[in-house]
Amino acid sequence: MTAILGLNAYHADSAAALVVDGELVGAVEEERFNRQKHWAGFPRAAIDWCLAEAGLTLADIDHVAVNQSATANLGPRLAYAIRRRPSPQLLLERLRNQR
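Asker: Explanation requested: helix 2 (residues 44–54) in the structure shown.
Answerer: Helical geometry: 3.6 residues make up each α-helical turn, so side chains three or four residues apart lie on a common side. Within the sequence span of helix 2, burial applies to Ala 46, Ile 47, Cys 50 and Leu 51. The buried residues of helix 2 occupy an angular sector of 135 degrees when projected down its axis, which confines them to one face. Those residues of helix 2 that are buried are in contact with strand 1 (3–8), strand 2 (15–20), strand 3 (23–29) and helix 1 (31–34). Gly 55 lies just past helix 2 and shows a positive phi near 70 degrees.

In structure tokens:
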């Protein structure tokens, strides 16, 4: 058995997905659990849900794939930020998440 945990973490729409032997077992966004739209951070609850769906533990995971393209869709993201003028606190939180 090969289990691969995929993570979209630390930017908008954090999520987890689990593939076991080439079959998608589950995929879910963290916002389904914390009720915060476009939440950016580590998707702990989404990971737990995916593992529970498959009846696995973290020790059963063979590989972890993490999405790390900080520059993906940079133009539209900057335009959105300029239009919405987010608070400095939110911007600092996002910068900390990047590290």
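Asker: Please clarify how the sheet that holds strand 3 should be interpreted in this entry.
Answerer: Whether parallel or antiparallel, the strands of a sheet pair through hydrogen bonds between backbone atoms. Taken together, the four strands give an open sheet; going across it, the order is 3-2-1-4, and neighbouring strands pair in mixed fashion. The open sheet is flanked by strand 3 and strand 4 (63–67), the only strands paired with a single partner. Taking the axes of each pair of neighbouring strands and ignoring which way they run, one obtains an average angle of 15 degrees across the sheet. Here strand 2 pairs with strand 3 via six bridges, running antiparallel.

Scoring rules and cut-offs
- Residues numbered from 1 in each chain as written.
- Predicted model: local features only at pLDDT ≥ 70, side-chain atom pairs only at ≥ 80, totals over all residues.
- Heavy atoms only, no water.
- Buried < 20%, exposed > 50% of the residue type's maximum accessible area, 1.4 Å probe, protein only.
- Helix = DSSP H or I, 4+ residues; strand = E, 2+ residues; numbered from the N terminus.
- Arc of directions from axis to C-beta.
- Contact = heavy atoms within 4.5 Å.
- Pairing = 2+ DSSP bridges.
- Axes fitted to C-alpha atoms, helices over the stretch in contact; angles between N-to-C directions.

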